[in-house]
Amino acid sequence: MKIRAIHWFKYSSPQNFYFLAGRLWPWFAVLAAVLMAVGLWISFFVAPTDAQQGQGYRIIFVHVPASQMSMFIYMVMAAWAGLGLAFNTRLSGMMASALAPTGALFAFLSLITGALWGKPMWGAWWVWDARLTSELILLFLYLGFLALQSSIDDPRRADKACAVLALVGVVNVPIIYFSVKWWNTLHQGASVSLTSAPSMASTMLTGMLVMVVAFWMYSIAAALARVRCIILERERHTEWVKHAVE
Amino acid sequence: MQWNSVSEFFAMGGYALYVWGSFGLTAAVMVIEMVLIRNQRTELLRDLRNELRSESPSS
């Protein structure tokens, strides 16, 4: 019997990953579009009206996926950054830089959709409570990462500095996640958790999960498409790039 | 289905600004991000091709 090993390290070369990403990202984009269409349909036509919040609760279908992605992308970004520091692979830093803008956008969307939800339900666009403040810090961490990246000319040195920043900032992610438990807050607790039954109607939950997966697919598509630009830019003086762009 | 008319759907039970604002902004951000990535790629490819052409004037 022949065991066919997958040559993972083959794809840690930017050249191979460039072509792999080029083949993959359109599929993720299509999946994202299809799932978003289904998710929107459930959000507006299947999920019932909420007993307490009327139609206003429907913001949950973009707020929760955006918030969740903002935290998860940060973890993935830090993981790539950590790999880069440990193995000194060029691709790791490129992936971390490709993820940062998308993560920052989701953190921004999380805060804005949260404000649009807070205003009618709490009577305030913003309160300085633990959940909101720690999410704001997450946005600043992303912006800090991007600023640091663009302030260092040598991309390899920039990767290392940014990796340290990304890894230190990881401490903020569990703070965001558990903030609703650790401190008194206006923000409601988790609607879905691993340890207890979800506290919402099943069609609402389905809609939310479909949107979460759709946002995942979108993020992967955006990161892969962006990392292709970063690879071309950084490898611009190599022979393969010259062949690829001809 | 909880909507009796199109106008009721757009009114969102009085939360139109908040609900449509959230969904609209999210959609806009995603579309803009993808357009920016495409523009970045188009510019980069143009740059790289120009560079190539100036390196080999004979061809």
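Let me sum up the structure you'll find in this document. (Residues numbered from 1 in each chain as written. Chains lettered and ligands numbered in written order. Predicted model: local features only at pLDDT ≥ 70, side-chain atom pairs only at ≥ 80, totals over all residues. Heavy atoms only, no water.)

**Quick look at the interface of chain A and chain B**
- In this complex, chain A contributes 45 residues to the contact, which on the side of chain B involves 30 residues.
- With both sides pooled, the region where chain A packs onto chain B buries about 3,400 Å², and carbon together with sulfur makes up 73% of that total.
- Inspection of the chain A/chain B interface yields three salt bridges.
- At the boundary of chain A with chain B, the tally comes to eight residue pairs in polar contact (both at pLDDT 80 or more).
- Those elements that provide at least two residues to the side of chain A that touches chain B are helix H1 (14-46), helix H2 (60-87), helix H3 (90-122), helix H7 (202-234) and helix H8 (239-245) of chain A.
- It is H3 of chain A that contributes the most residues to the side of chain A that touches chain B, 12 residues altogether.
- For the side of chain A that touches chain B, the class distribution of residues is 30 nonpolar, seven polar and eight charged. (Contact = heavy atoms within 4.5 Å. Buried area = accessible area lost by both parts, 1.4 Å probe. Salt bridge = Lys/Arg side-chain N within 4 Å of Asp/Glu carboxyl O. Polar contact = N/O pair within 3.5 Å; in protein donor to acceptor, adjacent residues only side chain to side chain. Helix = DSSP H or I, 4+ residues; strand = E, 2+ residues; numbered from the N terminus. Nonpolar A, V, L, I, M, F, W, Y, C, P; charged D, E, K, R; others polar.)

**Re the nonpolar core**
- Formed by 60 residues in total, the largest nonpolar core has its most connected members in Phe61, Tyr74, Met77, Phe106, Tyr142 and Phe215 of chain A.
- Of all the secondary-structure elements, those providing two or more residues to this core are H1, H2, H3, helix H4 (130-151), helix H5 (155-169), helix H6 (172-182) and H7 of chain A together with helix H2 (16-55) of chain B.
- Counting residues in hydrophobic clusters, the runner-up holds 21 residues, among them Phe17, Met94, Val227 and Ile231 of chain A. (Core = buried A, V, L, I, M, F, W, Y, C linked by side-chain atoms within 4.5 Å. Buried < 20%, exposed > 50% of the residue type's maximum accessible area, 1.4 Å probe, protein only.)

**Looking at the side chain of Ser22 of chain B**
- Locating Ser22 of chain B in the fold gives a position in helix H2.
- From its side chain, Ser22 of chain B meets the backbone oxygen of Tyr18 of chain B in a polar contact 2.8 Å long.
- Ser22 of chain B has contacts with Ile59, Val62, Thr113 and Leu116 of chain A, leaving out every residue within four places of it along the chain.

**Considering the environment of Ala100 of chain A**
All names here are of chain A.
- Structurally, the position occupied by Ala100 is in helix H3.
- Look at Ala100 and you get buried, because its relative accessible area is 0%.
- Remark: the alpha-carbon pair of Ala100 and Leu146, spanning 46 residues in sequence, is separated by 6.9 Å.
- For Ala100, the residues in contact, after removing those within four places along its chain, are Met77, Tyr142, Phe145 and Leu146.

**Overview of the side chain of Thr102 of chain A**
- Relative to the helices and strands, Thr102 of chain A resides in helix H3.
- Looking at Thr102 of chain A, the relative accessible area reads 1%, which means it is buried.
- A distance of 3.0 Å separates polar atoms of two side chains, one belonging to Thr102 of chain A and the other to Arg226 of chain A.
- In this view, Thr102 of chain A contacts Ile73, Tyr218, Ser219, Ala222 and Arg226 of chain A together with Glu33 of chain B; residues no more than four positions away in its chain are not counted.

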